[in-house]
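Remarks on the overall topology
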Amino acid sequence: MQNKGLVILFAILFGLVSIYQLSFSFGNNIIESDAEQFAASKIDASVEDFKNKRKALEVSYLDSLASSKESVFMGSTYAEVKENSMKLGLDLKGGLEAILQVSVKDILKGLANNSKDPVFNKALEDADELQKNSQNDYIEDFYTSFDAIKGDKKLSSPDIFATRSLEDEIRMDSSEEDVKRVITRKIDESINSALQVLRTRIDQFGVASPNIQRLGTSGRILVELPGVKDVERAKALITGTAQLEFWFAMKADGLYQYMSDVNAFLKNEQEAASTATDSTAVAADEAEEADDLIGDLTGETDETTTVVNPFLDLVKGPGYQGGPILGMFNITDKQKVLDILNRPEIKSLLPANAKEAKFVFGKPEKDSELVALYALQGNRDNVPPLSGSIDDARQDYNLANQVVVSMQMDAKGSRIWEEMTTKAYKERSQIAIVLDNLVYSAPGINNGPIAGGSSQISGDFTVNEAIDLANVLRAGKLPAKATIIQSDEVGPTLGQEAIDSGTMSFGIALALVLIWMFFYYGKAGLFADIAMLLNILLIFGVLSGIGAVLTLPGIAGIVLTIGMSVDANVLIFERIREELAKGKDQKSAIKDGFSNALSSILDANITTGLTALILFIFGTGPIKGFATTLLIGIGTSLFTAIFITRLLVDWYANKGGKLDFSTGITKNLFRNINIAFLKKRKTAYIISAVLIVGSLASLFTNGLDEGVDFVGGRTYQVRFDQPVSASEITATLSDAAVFGSADAKTFGEDNQLKITTKHRIDEATEEADEEMRQTLFNALQPHLNGMDYATFISNAEGKTAGLMKKYKVSPTIADDIKKASFWAVLGSLIVVFLYILFRFKRWQFSLGAVAAVFHDVLIVLGVFSLTYKFMPFSMEIDQAFIAAILTVIGYSLNDTVVVFDRIREFFNEHTDWDFDRVIDKSLSSTLSRTLNTSLTTLVVLLAIFIFGGESIRGFMFALIVGVIVGTYSSLFIATPIMYDSVKKGDATDALKNKVQEEELDQAKA
C-alpha cells in the first residue's frame, strides 16, 4: 500500500482529535458526579423531600460553576466543557420536542389591518380548507383561494393590503405579482422574527443544548429542549405571543436608600431566624448549608452562618448616575433578586413616589456573567403606556455612521410615542423598550419630542445586534399565535432507562461481533477487531466534534454500523482466501484481495449511504440522529477497513507472520460451493409470489397499525404500580364520557400501557392538551393507588409510576409526514436505480435490484400487517418504521451490488463461459460473504431487539425481517430477474446476446 506514512499520521491525528473531543464528555460526567456527591453530603437521606432538595443543591452547584471563568477541566471552564461534551437527545435525557405552527393566517390579517373585506376573509376560510389536504405553504393556498373568487377585487385594494402601514411598498396600482412578492417577504420576515424571539426566550430559560430551527419555507419551527424539567412552563414559554412594551424608566438615584432598606430588612429577618423555635431552626440549618455551598464554590470561608449584607452582597456592579439601572447582578441570581423584590413586605418599603415601581432585568451582554436590573414606572394595573404598535423596524446608520435601529409606529402608537417622548425629554429620563419582560434598550430622549412615530434606538450595537433587535421589534408588530402541532414529552426516568438499555445492547453487540470475527478469521479477525474499535472511537469523536445529538435510534445506528462494518472486512478477507486458494503467495494474495474487493466495498457502501442521506433529508429528531450516525459510520468504516486493517495485515505479513484468514473450524466452510441458483429461480418466484400476494391481501384486509405520526392523535405512555388489563383500560377510556374512542396496549412490562386516542385532535391548543390529561387522570384513578394529579403529570427524576411520556401529532402534520415518507422511499428507489444504471451501464441490473427492493418492502409490510395484532411489542407504522424500510433498502442493495460486481468480474474474466454459469458461479463464490455478513448483522440486531429497550423493538423487528428477506432476494430475486431480462433484451455489447443464449438453451435441451 502506498503512502503508508500519510495514512498512519492521519489515523493517529484523527484518533487523537476524537479522544480530545470525547474527553469533554468524560470531564462533564466527572463534574456532574461531583455535584451529585456534594449534594448528597450536604443533605442527609433522613431529611424530608431529600431528593428534590439534593437536586436543587446540585443544580445550584452546577449553575455556579457555569457562571465561573475558573478552569475546571483541561484548561476549560465548566461552560466550555458542557458545550463541547456529547449532546444527549430527548429520548435519552428526557425533555420536550415540539413543532410549532406560526399562524400565517394571523400574520395576513395583521398586514391587512384586520380587514373586514368579505373576499379577503372568504379567501382565508377557503385556504384553511385547502390546507387540510395540501402540501403547499399557507400563503400559496391563500393566493389560490383569492384568485378563484376575487372578481374585480385586487390584493392592492385599500381594503386589503394597500394600507397606510404598507404604503411605501404597496400602492393601489401595484400589480398582483408585486403585492404577492411583498406579502411573501413580509411573512418570511415575521416568521424569522418569531424564530428570533423563541431563541431569546429559550436562552433565558436556561436549557442546555437547545435546538431551534425553521422547517423549510413554512411557518413551522422545530424546538428541541433535552433535559428540561418543567415541560409545562417550557410550552407556555414557546407558545406565548411576543409582547412589545414601552415603559418610563425611573432614575436609580432615588432608590438607593430603598436598596439599603431591603438589605436591613433581610438582615434583621435572618437574625430573628437564628433565635427562633426548633421548627424554624431547621430552616436555619438549610440556610447554613446554602452558605456553606457559597463558601465551597468561591473558596471563601466565614465563621458566621449569616450573610453580612444579604441583598447588597448580590450587587456585583453599580448602575450609572441619573440612569434607570439599579445595579449589576450575576445572571444566576436573577430569580433570587426578583423573588426578594416582589415580596409584599419588601414592596412596602418603597418610597411614596415609587410605590408602583416595576423591576425588570435587561438583556445580558454576550459572554458576560452580569445583567442589569432596571427600575420602571409601573402602575396599579401593570399596563404599559404603549405596547406593540410597531409597523416596521430595521437596522440602520445615523448621521455619525453609528449602528442604530430605526422604527416606525402606527397612527395610535405615533400619538402615544410623541406624548411619552415629550415627557421624557422634559424630565431628561429614559424610555425602556421591553420584550417578553426583558429590557432591550432604555434610550434617552435628547433632541426633543418625536412626532410622526419615527424614531431611532441608539446604543453600542454591532450590525448583527441591531438586526436582531429590529427582528425582535417586528415580532411585536404582528401578533401571530404559535400552536404546537406535534410534540414529544419524555420524562427523565424513561431517558435513563433508554441510556441503560442502549449501553447494554451496544456492549453485547460489540462483544459478539469481536468474538465472531476472531473465531472465523483467526489472527486476521483480530486485526479487523482493532480496526472496528478504532471505527467506534472515530464515530463518537465525529459526533461529539460536530455537535450532533446522540439519540436512542442513533445508538441503534452505531450498533448497526458495527454489523455493517464487518461487511467490508469480510469482503476483503474472502477475496484474500480466494487468492490464496489459487496458489498465490501471502503478500500477493493480500495485495490482490484488497484491490479486488475495493469496487464491491465502494458500491455497497455508496448505495447504503444514498438511502441514509435521503433519510437524513426527510427525517426529523431521533430519526435524523439515526441517519447521521449511519452516514458517519459508513465513512469511518470505509477508512478503517480499507486502510487500518490493511496496515495491520501488511505489518504482520512483512515481519514474517503467517495469516490463514481462517481457523481450523472455518477453514473449509463455504469452500468449493457450486449451486445452480438459476435452476431454482422458478421455485423462488413461486415462493415470492405467494408471500407478496399474502402480504397484499393482508394489507388490503387487516391494514397496518398506523401510529399517530400518520393519522394524528395523542399517545400517552402510562406506568402503574401493579399489572393492569389493557382491554379493561381501553373500555374505560372509550366510554363516551371520557374519550369516546381509545386504544390501550401493553408496552413492555404488563404494568405499562401505551394509550392512543384521536379525541379532540383538531384542537391543538395547550388548553385542550391540559383538559385531555386531566380526563385521562380521572379515568385512570382507580388504578393509580391514590396518586395525585401533580405527581401523575410531573417530570421528576426517579419517577416510577404515572404519565411517563406524551406524544401529539395534529392531522395536518400527520398528512405531511405520510407524504414525506412516501417520497423518501420512492426517492431512494429512484436514486439507487440511477446509481446502479451508472455503475453497471445496463438497465437490467437496475431492474433486478429495484425489483428485489420492492419485493423486500412488500414482504416487510405484509409481516407487520399479519402480526401486529398479537405481537407482544408495538408494531406501529411511524417515522421510525420508515427509517427501518430505508435501511432495509440500503442493506438489500448492499448484498445485491456485491453479487453484481462479481458477475461483471467473472463475465470479463471468463468470456468462454455460458451466461448462466457466470451467474451461478458468482452467487456461489459470494455466498460465504453473504451469509457471514447477514448472520453477523442479525446477531447485532437481535442484541438490540432483546436488550435495546421497548421503544425501538418494533424498529429492530422490521430490520431483522428486512435483513432475512433482503439476503434471500439478493440470491433468488435480484439476479434471476436481471438474468431473465437480459435474455429477453438487447445486451450484445456487454452480455451474451439473445441468439447465443437461445442456441445454448436448445443445446442443453
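Residues numbered from 1 in each chain as written. Predicted model: local features only at pLDDT ≥ 70, side-chain atom pairs only at ≥ 80, totals over all residues. Heavy atoms only, no water.

Of the regular secondary structure elements, the protein holds 32 helices and 23 strands. Across the 1005 residues that make up the protein, the buried fraction comes to 53%. Across the protein, contacts joining residues at least 24 apart in sequence account for 74% of those joining residues at least 6 apart. (Helix = DSSP H or I, 4+ residues; strand = E, 2+ residues; numbered from the N terminus. Buried < 20%, exposed > 50% of the residue type's maximum accessible area, 1.4 Å probe, protein only. Contact = heavy atoms within 4.5 Å.)

Turning our eyes to something else, we now look at the packing of helix 6 (residues 118–131) against helix 7 (residues 138–149). In the contact formed by helix 6 and helix 7, the axes pass within 8 Å of each other and the chain directions differ by 125 degrees. Relative to helix 7, the element helix 6 lies oblique. The chirality of how helix 6 crosses helix 7 is right-handed. Contacts between helix 6 and helix 7 involve Val-119, Phe-120, Lys-122, Ala-123, Leu-124, Asp-126, Ala-127, Asp-128, Leu-130 and Gln-131 on the former and, on the latter, Tyr-138, Asp-141, Phe-142, Ser-145, Phe-146 and Ile-149. A per-class count over the contact of helix 6 with helix 7 returns ten nonpolar, two polar and four charged. (Axes fitted to C-alpha atoms, helices over the stretch in contact; angles between N-to-C directions. Parallel < 35°, antiparallel > 145°, perpendicular 65-115°, else oblique. Left-handed = near helix turned anticlockwise from the far one by under 90°. Nonpolar A, V, L, I, M, F, W, Y, C, P; charged D, E, K, R; others polar.)

The next subject is helix 30 (residues 927–947). For helix 30, with 21 residues, the first-to-last C-alpha span of 30 Å sits near the 30 Å given by 1.5 Å per residue. Burial runs high along helix 30: 15 of the 21 residues are buried. Phi turns positive one or two residues past the end of helix 30, at Gly-949, with a value near 105 degrees. (Expected span 1.5 Å × (residues − 1).)

Within a pair of aromatic rings, the relevant descriptors are the distance that separates the centres and the angle that separates the planes. Counted according to the given criterion, the structure contains 35 aromatic pairs. The interplanar angle of 55 degrees and the centroid separation of 5.3 Å between the aromatic rings of Phe-573 and Phe-661 together place this pair among those described as tilted. Of the two residues, Phe-573 sits in helix 18 (residues 552–581) while Phe-661 sits in the loop between helix 20 (621–654) and helix 21 (681–701), which places them 88 residues apart along the sequence. Classification of Phe-661 as buried rests on a relative accessible area of 1%. Through a chain of ring-to-ring contacts, three or more aromatic side chains come together here, namely Trp-516, Phe-519, Tyr-520, Tyr-521, Phe-573 and Phe-661. Cation over ring: Lys-423 sits above Phe-248, and NZ or CZ is 4.5 Å from the ring centre. A cation sits over an aromatic face here: Arg-953 above Phe-945, 5.8 Å from the ring centre. (Phe/Tyr/Trp six-rings, centres within 6.5 Å; stacked < 30°, edge-to-face > 60°. Lys NZ or Arg CZ within 6 Å of the ring centre and 35° of its normal.)

Turning our eyes to something else, we now look at the nonpolar core. The biggest cluster of nonpolar side chains holds 142 residues, and the ones touching the most others in it are Met-517, Phe-573, Phe-881 and Ile-889. In contact with Phe-881, not counting residues within four places along its chain, are Val-860, Leu-861, Phe-864, Glu-876 and Ala-958. Counting 44 residues, the second largest nonpolar core, distinct from the first, contains Ala-112, Ala-127, Leu-198 and Ile-202. (Core = buried A, V, L, I, M, F, W, Y, C linked by side-chain atoms within 4.5 Å.)

Once that is clear, we can look at the packing of helix 21 against helix 27 (residues 843–867). Where helix 21 meets helix 27, the axes come as close as 8 Å, and the angle between the chain directions of the two elements is 50 degrees. The pairing of helix 21 with helix 27 is recorded here as oblique in orientation. As helix 21 packs across helix 27, the resulting crossing turns out to be left-handed. Counted together, Ser-688, Leu-691, Ile-692, Ser-695, Leu-696, Ser-698 and Leu-699 of helix 21 and His-855, Leu-858, Ile-859, Leu-861, Gly-862, Ser-865 and Leu-866 of helix 27 form the full contact between these two elements. Each residue belonging to the contact of helix 21 with helix 27 can be placed in one class, and the counts come to eight nonpolar, six polar and no charged.

Our focus in this paragraph is the sheet that holds strand 4 (residues 95–102). Spatially, the eight strands line up as an open sheet ordered 5-6-4-18-23-20-22-21, and their pairing is antiparallel. Taken across any chain shown, the strands that pair with only one partner, and hence form the sheet edges, are strand 5 (211–215) and strand 21 (743–746). Strand-to-strand twist in this sheet, taken as the mean axis angle between neighbours without regard to direction, amounts to 20 degrees. (Pairing = 2+ DSSP bridges.)

Phi is positive for Met-74, close to 50 degrees, though the residue is something other than glycine. By the element assignment, Met-74 lies in the loop between strand 1 (71–73) and strand 2 (76–77).

With the rule as written, the count across this model stands at 42 salt bridges. For the salt bridge of Arg-904 with Asp-603, the shortest nitrogen-to-oxygen distance reads 3.8 Å. Separated by 301 residues along the polypeptide, Arg-904 in helix 28 (residues 879–909) and Asp-603 in helix 19 (residues 586–618) bring together distant segments of the chain. Owing to a relative accessible area of 24%, Arg-904 belongs among the partly exposed residues under this scheme. Classification of Asp-603 as buried rests on a relative accessible area of 1%. A salt bridge links Lys-745 to Asp-705, with the shortest nitrogen-to-oxygen separation between them at 2.4 Å. Pair noted here: Lys-745 is in strand 21 and Asp-705 is in the loop between helix 21 and helix 22 (708–711), with a separation of 40 residues, a long-range link. (Salt bridge = Lys/Arg side-chain N within 4 Å of Asp/Glu carboxyl O.)

Among the six residues of strand 9 (residues 325–330), five are classified as buried, and the element is accordingly described as predominantly covered. Of the strand pairs in this sheet, strand 9 and strand 11 (residues 370–376) are connected by five bridges, and their pairing is antiparallel. Within strand 11, the residue paired with Ile-325 across the bridge is Tyr-374.

A few words now on the confidence of the model for the protein. Per-residue confidence for the protein gives a mean pLDDT of 81, with 88% of residues at or over 70. Ranking the helices and strands of the protein by mean pLDDT puts helix 21 first, with 94, and helix 32 (residues 994–1004) last, with 43. Counting contacts from residues 289–306, a segment whose pLDDT is below 50, to residues more than four positions away or on other chains yields 18 contacts. Counted against residues more than four places away or in other chains, residues 985–1005, with its pLDDT under 50, gives 26 contacts. (pLDDT = per-residue confidence, 0-100.)

With respect to topology, four strands assemble into an open sheet ordered 8-9-11-10, the strand pairing being antiparallel. The open sheet has two edge strands with one neighbour each: strand 8 (315–318) and strand 10 (358–361). The mean inter-strand angle of the sheet, taken between neighbouring strand axes irrespective of direction, is 30 degrees. Two elements, strand 10 and strand 11, share four bridges in a ladder whose sense is antiparallel. Along strand 11, the bridge assignment pairs Phe-359 with Ala-375.

All right, on to a nonpolar patch on the surface then. The grouping of Leu-6, Ile-8, Leu-9, Ile-12, Leu-13, Leu-16 and Ile-19 at the surface amounts to a nonpolar patch, some 670 Å² of accessible area in total. In this fold, Leu-13 is placed in helix 1 (residues 4–42). Taking the relative accessible area as the measure of exposure, Leu-13 reaches 46% and is therefore partly exposed. (Patch = residues over 30% accessible without salt bridge, like charges linked within 9 Å, V, L, I, M, F, W, Y side chains within 5 Å. Areas by Shrake-Rupley, 256 points an atom, 1.4 Å probe, with all protein chains shown as cover.)

This part takes up the environment of Gln-101. Mapped onto the secondary structure, Gln-101 falls in strand 4. Taking relative accessible area as the criterion, Gln-101 reaches 22% and is therefore assigned partly exposed. Gln-101 sits 385 residues away from Gln-486 along the chain, and the two C-alpha atoms are 9.1 Å apart. Every residue in contact with Gln-101, bar those within four places of it in the chain, is listed here: Gly-219, Arg-220, Lys-481, Ala-482, Thr-483 and Ile-485.

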